[in-house]
Amino acid sequence: MSLQFVDDSSCKSAIADLRNDSTPTDWILLSFESPKSQKIKLVGSGSGGVAELVQHLQDDMVGFALVRKIDKIDDSETVKFAFINFIGEKVGILQKGKISVTIGSVKDFLGSFQCDFLITSKNEISDEIVLNKIQEISGTGSKVLDENGAKTGTSKSTTSPTNSFRRSTYGSVSSPSSSNKDAIKLGDEPTIREALKEFRSDENDIDWVLFGYEGGNSNTIILLGKGNGGVDELISNLHDNLVGYGLVRIIEKIDNSDTIKFAYINWIGEEIPRMLRARLGTHTGFVNQLVTPYHVDIKCTVKSEISKEIVEETVAKASGKASMVLSGDVQSHGGRMTSSYSSSSASTQGSNTTGKTFAGAGSKFTTPSAVPKSSGSTIGFDDEQQVRDTIKDVRSDSSDTNWCLIGYKNDTTLQVIAKGNGGVDELVGHLNSKIVAYGLVREVERFDLSDTIKFAFIDFVGEDINRMFRAKLGTHSGTVKQLFHPYHVDLHVSSPSELSSEIVTKTITQNSGTSSRVKA
């Protein structure tokens, strides 16, 4: 959505001032004009760092802040920026609902930054916490932790980054209560935190950890295992009836230097019930906060989709170390390099629906058949403007379009499959076992006497997609999510039967905490 401002010139001037190296300004803060308004205003700016910024945060406000820090690398100084999303503990549920729809546009308006924070209390953020995270991401900070969990070579504070991270995590999800039986929580949190600390310590040989659910079907995350046998040992702990969230440490050699990289493994076994798979989408934000930071993520459902070679290849591609030369002719789509692939060849791979005109779409779109087997993994667009306009149409309040579906023309090129105004159930009619598709659905959530617009992201990987391509999808995840961002919930499904209007509505209401109030 496009942002509305009380005074956009003052906001733009503040950003320009912050990014000007010749000025002392090192923070700015934006917020909503009022709890009932979606207009953005400038709250303030200054040169006193985070310590000064937090003085302007109130328990009943939503704040969007950008902070400038100096990251010292050897004898050089580099300017880095951090984005802080503050959601006060007294912010109402309706205003919270506006945040995820607005935050993507706010981030675009503020410009590039190196890291971001989600906090609900002033004591969750400080200059030290921001600088530590910047250094952790840039690789300039020590990752070795002492016995108290503080990084060696840095000063300790009463609020360590580890503790701040924990509070931020719980600030972003509903706390367990009798009215929200699906709230997710950590079981034996000290054990989990200790395992993560060991895993990230340069002085410890633990190179993998695995988390899952207590009792298999609960909402309590526990430590399932850890070890020093790398990817292969982690894989040995994955089973068909298990949901697992793993981290593995990889040493990437670039020239004569060794660099530590972390890979996040999202495992959902083939025997996991479909209803449980759908519910897992509501846990995504919580789990991502738990395992952050990591360099790449890989989603898999069978062991053939994950191996040491696949992890190393994914890490290498993400860092730019791997060769990106594709076999065959190469052409450019939307500024990205993709392998050449003719539409005629795409239509000969086992689908009878190519060329079908979809109701409500407004134009003809072709359904991709089985995903081709070329080796390229850089993602591009057949018609980027059409893709973005289609997504924009779903978000527009003036349009009756309430869903769209984007899929693969070939394994490196995205195109529009269809769009319509018949909701989730109409979208489901375009899914089949031979395609990978990403959908956006607009739903109206009824809360007491108010209607709130919510968006759901659908990640569909058909059951007949070959395993090697499934493994490559992890390298597309960041680009795809950025394309569809923002949204309130995401659902990962592999069969049309796992998706319905009822499932999406239930997921949204559980995520927002309104499920107990939904009227029949």
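Counting restarts for each chain, with residues numbered from 1 along the sequence as it is written. Per-residue local features are limited, in this predicted model, to residues with pLDDT of at least 70; the limit for side-chain atom pairs, both in listing and counting, is 80 or more; totals at the level of whole chains, interfaces and linings are taken over all residues. Note that water and hydrogens are dropped before the side-chain values are worked out from all heavy atoms of the structure.

Quick notes on the overall build of the protein
What counts is decided by this rule: For the purposes of this entry, the term helix denotes a DSSP run of H or I that reaches at least four residues, the term strand denotes a run of E that reaches at least two, and both are numbered from the N terminus. In this scheme, a residue with accessible area under 20% of its type's maximum is buried, one over 50% is exposed, and one in between is partly exposed, where area comes from a 1.4 Å probe on protein chains only. In what follows, residue pairs with any heavy atoms lying within 4.5 Å of each other are defined as contacts. Values of accessible area rely on a 1.4 Å probe in the Shrake-Rupley scheme; residue burial ignores everything except the protein chains shown.
When helices and strands are counted, the protein shows 16 helices and 20 strands. Residue burial in the protein is summarised as follows: out of 520 residues, 53% are buried. Of the contacts made within the protein by residues no fewer than 6 positions apart, 64% connect residues no fewer than 24 positions apart. Counting every atom, the protein has about 23000 Å² of accessible surface; 47% of that belongs to carbon and sulfur.

What to know about helix 1 (residues 8–18)
In an α-helix, one turn spans 3.6 residues, which is why side chains three or four residues apart end up on the same side. Test applied: In this description, one arc is meant: the one made by directions from the helix axis to the C-beta atoms.
For helix 1, the full list of buried residues reads Cys11, Ala14, Ile15 and Leu18. Along the axis of helix 1, the buried positions cluster into a sector of 100°, meaning they face one direction only.

Quick notes on the side chain of Asp297
Summarising the element assignment, Asp297 is placed in strand 12 (residues 296–300). With residues near it in sequence (within four places) discarded, Asp297 still touches Tyr264, Gly474 and Ser477.

A word on the pattern of salt bridges
Opposite charge on two side chains makes pairing possible when the charged atoms of those side chains draw close. Let me state the cut-off plainly: Salt bridges are defined by distance alone: a side-chain nitrogen of Lys or Arg within 4 Å of a carboxyl oxygen of Asp or Glu.
On inspection of all chains with the given rule, the structure shows eleven salt bridges. A salt bridge links Asp8 to Lys12; the shortest N-O distance between them is 3.9 Å. In this pair, Asp8 and Lys12 are both assigned in helix 1, four residues apart and thus about one turn of the helix distant. Here Lys12 falls in the partly exposed class, since its relative accessible area comes to 47%. In this structure, Asp116 engages Lys107 in a salt bridge whose closest nitrogen and oxygen atoms are separated by 3.2 Å. Judged by relative accessible area, which is 33%, Asp116 ranks as partly exposed.

Regarding the side chain of Ser495
How we decide: Within 3.5 Å is the distance limit for a polar contact, defined as a pair of N or O atoms, with the added protein rule that one can donate a hydrogen and the other accept it, and that residues adjacent in sequence qualify only through two side-chain atoms.
Relative to the assigned elements, Ser495 resides in the loop between strand 20 (489–493) and helix 16 (501–512). Relative accessible area serves as the criterion here: at 9%, Ser495 is assigned to the buried category. Of note is the side chain of Ser495, whose polar atom sits 3.0 Å from the side chain of Ser497. Dropping the residues within four chain positions of it, Ser495 is found in contact with Arg274, Phe460 and Glu463.

Some words on the confidence of the model for the protein
Spelled out, the test is: A residue's pLDDT is the predictor's confidence in that residue, given on a scale from 0 to 100.
Per-residue confidence for the protein averages 76 on the pLDDT scale, and 74% of its residues sit at or above 70. Per-element averaging of pLDDT across the protein places helix 5 (residues 161–171) at the bottom with 29 and strand 2 (residues 27–32) at the top with 96. Long-range and interchain partners of residues 142–181, a stretch whose pLDDT sits below 50, account for 72 contacts in this model, where long-range means more than four residues apart. Of the regions scoring below 50 in pLDDT, residues 515–520 engages in eight contacts with residues more than four places distant in sequence or in other chains.

Examining the environment of Gly88
Locating Gly88 in the fold gives a position in the loop between strand 5 (76–87) and helix 3 (93–110). Assessed through its relative accessible area of 2%, Gly88 is described here as buried. Through-space distance from the C-alpha of Gly88 to that of Gln58 is 6.4 Å; in sequence the pair is 30 residues apart. Leaving out residues up to four positions away in the same chain, Gly88 has contacts with Gln58, Asp59, Met61 and Thr120.

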